[in-house]
Amino acid sequence: MPMRVAMRFLAFALPAIAATFSVGAPAQAASFSCRETPIVRSNAALAPLSAKVSQGQTLTILAIGSSSTEGIGASAKDKTYPARLQALLAKSWPKSQVEIVNAGIGGETAPQTLARMKAAMAARHYDLVIWQVGTNDAVKGGDLDAFKAMVGEGIALVREAGPALAILDPQYFPSVRDPQRYGQYVEAVGEVSRREAVPVFGRYDAMREWHRSDAEAFKAALWTDGFHMSDAGYDCLARDMANAMIGMAAPSRPVVAASR
């Protein structure tokens, strides 16, 4: 397991993250509580964001990927992770106007998203790209080396275009049919990202920790299909991502290394 980096900050910086919540469920069902989870691999700082935040400039973020980005399983568009993340960052960075463009399309694999990302980079400027990648590739299988090459190609594409980049890796779900293959794709995302010094929102490990903490309550973090995330899951993910982004965009804040 690679070194994990938890971005800690004073409670007043983002009060919403400390909150817990329960999701409506049948009687006697456990509720899912969102707890702070270290979810970033690599201590890479998003320096361009830091400068813009300190100057109160507008931040434009592209969230691109498949169904987790589109928000399959969310009850409304404002319950998706990009929408929740935008709301949380806006509260923490009130001097900056934060816009997150949701470019998620359910069912896509890495090659399809890569082609759209190339077009998006040519169409307009973004300060940050959050690339959610690997879930459908892991489920469907294929050439793992080709997948790694595509992740590397996407990283190079974004860097050449200019924005900062962070990667969101696959979700954890207990009913995965081939855990070994799925895990190989999760690790492949981490391997390429470490090599290229790109920060990764380690959603797989975070969600697995939620499940280990309370397997019954974890069910409320997933949609009815047991695969996609629910409103509760997306909200908790967004809180952890906001926590990490604030730490990365403000390197003067305390950074505590942790391993799991």
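Keep in mind that this is a model prediction, so the values were computed, not measured. (Residues numbered from 1 in each chain as written. Predicted model: local features only at pLDDT ≥ 70, side-chain atom pairs only at ≥ 80, totals over all residues. Heavy atoms only, no water.)

### Examining unusual backbone geometry
Our working rule: Helix numbers and strand numbers start at the N terminus; a helix is a DSSP run of H or I with at least 4 residues, a strand a run of E with at least 2.
Unusually for a residue other than glycine, A197 sits at a positive phi of about 55°. Within the element layout of this structure, A197 appears in the loop between α7 (179-195) and β7 (200-201).

### Re the pairing of strand β3 (residues 59-65)
Strand residues, when the strand is regular, have side chains that alternate between the two faces of the sheet. The condition is simple: Buried residues are those whose accessible area, probed at 1.4 Å on protein chains only, stays under 20% of the maximum for their type, while exposed residues exceed 50% and partly exposed ones sit between those limits. We treat two strands as partners when DSSP finds at least two bridges between them.
β3 sits mainly inside the fold: seven of its seven residues count as buried. Residues L59, I61, A63 and G65 of β3 are buried on one face, and the alternating residues T60, L62 and I64, pointing to the opposite face, are buried as well. Judged from the seven bridges that link them, β3 and strand β4 (residues 98-104) form a sheet pairing that is parallel. Across the sheet, residue A63 finds its bridge partner in β4, namely N102.

### Some points on the side chain of S66
Here is the rule: Throughout this description, a polar contact denotes any pair of N or O atoms lying within 3.5 Å of each other; where both atoms belong to protein, one of them has to be capable of donating a hydrogen while the other can accept it, and for residues adjacent in sequence the pair is counted only when both atoms sit in side chains. Here a residue-residue contact requires only that any non-hydrogen atoms of the pair lie within 4.5 Å.
Mapped onto the secondary structure, S66 falls in the loop between β3 and α2 (67-70). At 3.5 Å, the side chain of S66 forms a polar contact with the side chain of N136. Here S66 is in contact with G104, I105, G106, G107, E108, Q132 and N136, once residues within four sequence places are set aside.

### Things to note about α7
Note the following rule: Helix span is expected to be 1.5 Å times the residue number reduced by one.
The end-to-end C-alpha separation of α7 is 24 Å, in line with the 24 Å expected for 17 residues at 1.5 Å each. Considered for burial, the residues of α7 that qualify are Y182, Y185, V186, A188, V189, G190, V192 and S193. Packed against the buried residues of α7 are β2 (40-41), α5 (135-140), α6 (144-161), β6 (164-168), β7 and α8 (203-213). Where α7 terminates, the next one or two residues include A197, which has phi positive at roughly 55°.

### Regarding the packing of aromatic side chains
Stated precisely, the cut-off is as follows: A pair of aromatic rings is counted whenever rings of Phe, Tyr or Trp (Trp by its six-membered ring) have centres within 6.5 Å, and the orientation is called stacked for planes under 30 degrees apart, edge-to-face for over 60 and tilted otherwise.
This structure, assessed with the given rule, holds seven aromatic pairs. Look at F32 and W210: their rings are 5.2 Å apart centre to centre, the planes differ by 55°, and that puts the pair in the tilted class. Here W210 lies in helix α8 and F32 lies in the loop between β1 (4-7) and β2, a separation of 178 residues in the sequence. Accessibility expressed as a relative area gives 2% for F32, which makes it buried. Put simply, the rings of Y172, F173, Y182, Y204, F218 and F227 touch in pairs and so form one group of aromatic residues.

### Thoughts on the state of the cysteines
Counted only if it meets this: Criterion for a disulfide: a pair of cysteine sulfur atoms within 2.5 Å.
Overall, the coordinates contain one disulfide when judged by the stated rule. Residue pairing for C34: its cysteine sulfur links by disulfide to C236, the two sulfurs lying 2.3 Å apart. Looking down the S-S bond of the C34 and C236 bridge, the torsion is 85°, so its handedness is right-handed. Here C236 lies in helix α10 (residues 231-248) and C34 lies in the loop between β1 and β2, a separation of 202 residues in the sequence. Considered together, C34 and C236 belong to a single accessibility category, that of buried residues.

### What about the environment of A161?
If you trace the backbone, A161 turns up in helix α6. Owing to a relative accessible area of 41%, A161 belongs among the partly exposed residues under this scheme.

### Describing the nonpolar core
For clarity, the threshold we go by: Side-chain atoms within 4.5 Å are what join buried Ala, Val, Leu, Ile, Met, Phe, Trp, Tyr and Cys residues into a set we call a nonpolar core.
Ranked by internal contacts, the top residues of the largest apolar core, which has 77 residues, are L85, I130, F201 and M245. Excluding residues that lie within four positions of it along the chain, L85 makes contacts with I100, I130, A238, M241, A242 and M245.

### Some words on the pairing of strand β5 (residues 128-132)
Burial of β5 is extensive: five of the five residues sit out of reach of the surface. Alternating positions in β5 separate into two faces, L128, I130 and Q132 on one and V129 and W131 on the other, with burial throughout. Note: β3 against β5, four bridges, orientation parallel. Looking at β5, one finds that I64 is bridged to W131. Direction of pairing for β5 relative to β6: parallel, over a ladder of five bridges. Its bridge partner lying in β6, W131 is registered against I167.

### Some words on the pattern of salt bridges
Just so we agree on the cut-off: Criterion for a salt bridge: a side-chain nitrogen of Lys or Arg within 4 Å of a carboxyl oxygen of Asp or Glu.
The final tally for this structure, using the stated rule, is 11 salt bridges. R124 is the salt-bridge partner of E99, the closest N and O atoms lying 3.5 Å from each other. Of this pair, E99 sits in strand β4 while R124 sits in the loop between α4 (110-123) and β5, and the two are 25 residues apart along the sequence. For the salt bridge of R194 with E187, the shortest nitrogen-to-oxygen distance reads 2.6 Å. Exposure remark for R194: the relative accessible area of 38% places this residue in the partly exposed category.

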